[in-house]
Amino acid sequence: MKIAIVFAAFFIAVVVAVPIDDPSQAQILRLDSDVKPDGYSFALETSDGKTHNEEGQLKNIGAEDETIVVRGSYSFVADDGQTYTVNYIADENGFQPEGAHLPNVGIH
């Protein structure tokens, strides 16, 4: 019985000591934000190589077609070790991403 308990404790210790590649364990290295009545901006960088920068501005303030225009980019390190970056605009025409790894399918 004692051998089983010692083995179980040893097994648990080994499992706990093994590093886990868990994205939820990433630490925030930088977070800046600025919120104003007519827009916002933020910048985020995490220890797992992710970055995200974005700014939004109200367009046609007070008009019936008032909307927000968002511009930004984010980068991440994929499972293949490559860093991928997506630049985007989101406005009355929808979300429009661009990136070297994304297909270029122009809108007609």
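Each chain carries its own residue numbering, running from 1 in the written order of its sequence. A pLDDT threshold of at least 70 governs which residues receive local features in this predicted model, and a stricter bar of 80 or more applies before side-chain atom pairs are shown or counted, although totals over entire chains, interfaces and linings include all residues. Excluded from the side-chain calculation are hydrogens and water; included are all heavy atoms of the structure.

A. Expanded view of the side chain of Glu 54. Runs of H or I in DSSP of at least four residues are treated as helices and runs of E of at least two as strands, each being numbered from the N terminus. Here Glu 54 lies in strand β3 (residues 51-59). Partly exposed residues are those whose accessible area sits between 20% and 50% of the maximum for their type, while under 20% is buried and over 50% is exposed, using a 1.4 Å probe and protein chains only. Two residue types count as positive, namely Lys and Arg, and two as negative, namely Asp and Glu; His and chain ends fall outside the count. By definition, a salt bridge exists where a carboxyl oxygen of Asp or Glu is found within 4 Å of a side-chain nitrogen of Lys or Arg. There is no salt bridge for the buried Glu 54, and the closest opposite charge comes from Arg 71, which lies 11 Å off by N-O distance. Polar contacts here mean pairs of N or O atoms no more than 3.5 Å apart (in protein, one a potential hydrogen donor and the other a potential acceptor; neighbouring residues in sequence count only if both atoms are side-chain atoms). In terms of polar contacts, Glu 54 uses its side chain to reach the side chain of Tyr 88, at 2.4 Å. Not counting residues up to four positions away in its chain, the partners in contact with Glu 54 are Tyr 40, Ser 41, Phe 42, Val 70, Arg 71, Gly 72 and Tyr 88. Any two residues whose heavy atoms approach within 4.5 Å are treated as being in contact.

B. Representation of the pairing of strand β5 (residues 83-91) within the structure. Pairing between strands requires that DSSP locate at least two bridges from one strand to the other. Direction of pairing for strand β4 (residues 67-77) relative to β5: antiparallel, over a ladder of eight bridges. If you follow Val 70 over to β5, its bridge partner there is Ala 90. Linking β4 to β5, which pair antiparallel, is a turn of five residues; within it Gly 81 sits at a positive phi near 85 degrees. Inspection of the sheet shows β5 paired to strand β6 (residues 94-98) by five bridges, in the antiparallel sense. The residue of β6 that forms the bridge with Ala 90 is Phe 95.

C. Quick peek at the pattern of salt bridges. Considering all chains together, one arrives at five salt bridges under this definition. Here Arg 30 and Asp 32 are joined by a salt bridge, their closest N and O atoms 3.0 Å apart. Judged by its relative accessible area of 34%, Arg 30 is partly exposed. Each of Arg 30, Asp 32 and Glu 45 takes part in a single network of salt bridges with overlapping partners.

D. How the structure looks around the confidence of the model for the protein. How sure the predictor is of each residue is captured by pLDDT, a score from 0 to 100. Scored by pLDDT, the protein has a mean of 81; 75% of the residues are at 70 or more. pLDDT under 50 marks residues 1-20. Its contacts with residues more than four places away, or in other chains, come to zero contacts.

E. Layout of the side chain of Thr 46. Along the polypeptide, Thr 46 turns up in strand β2 (residues 39-46). Take Thr 46: its relative accessible area is 12%, and that puts it in the buried class. A polar side-chain atom of Thr 46 sits 2.4 Å from a polar atom in the side chain of Asp 48. If we ignore the near neighbours within four places in the chain, the residues touching Thr 46 are Ala 26, Gln 27, Ile 28 and Leu 29.

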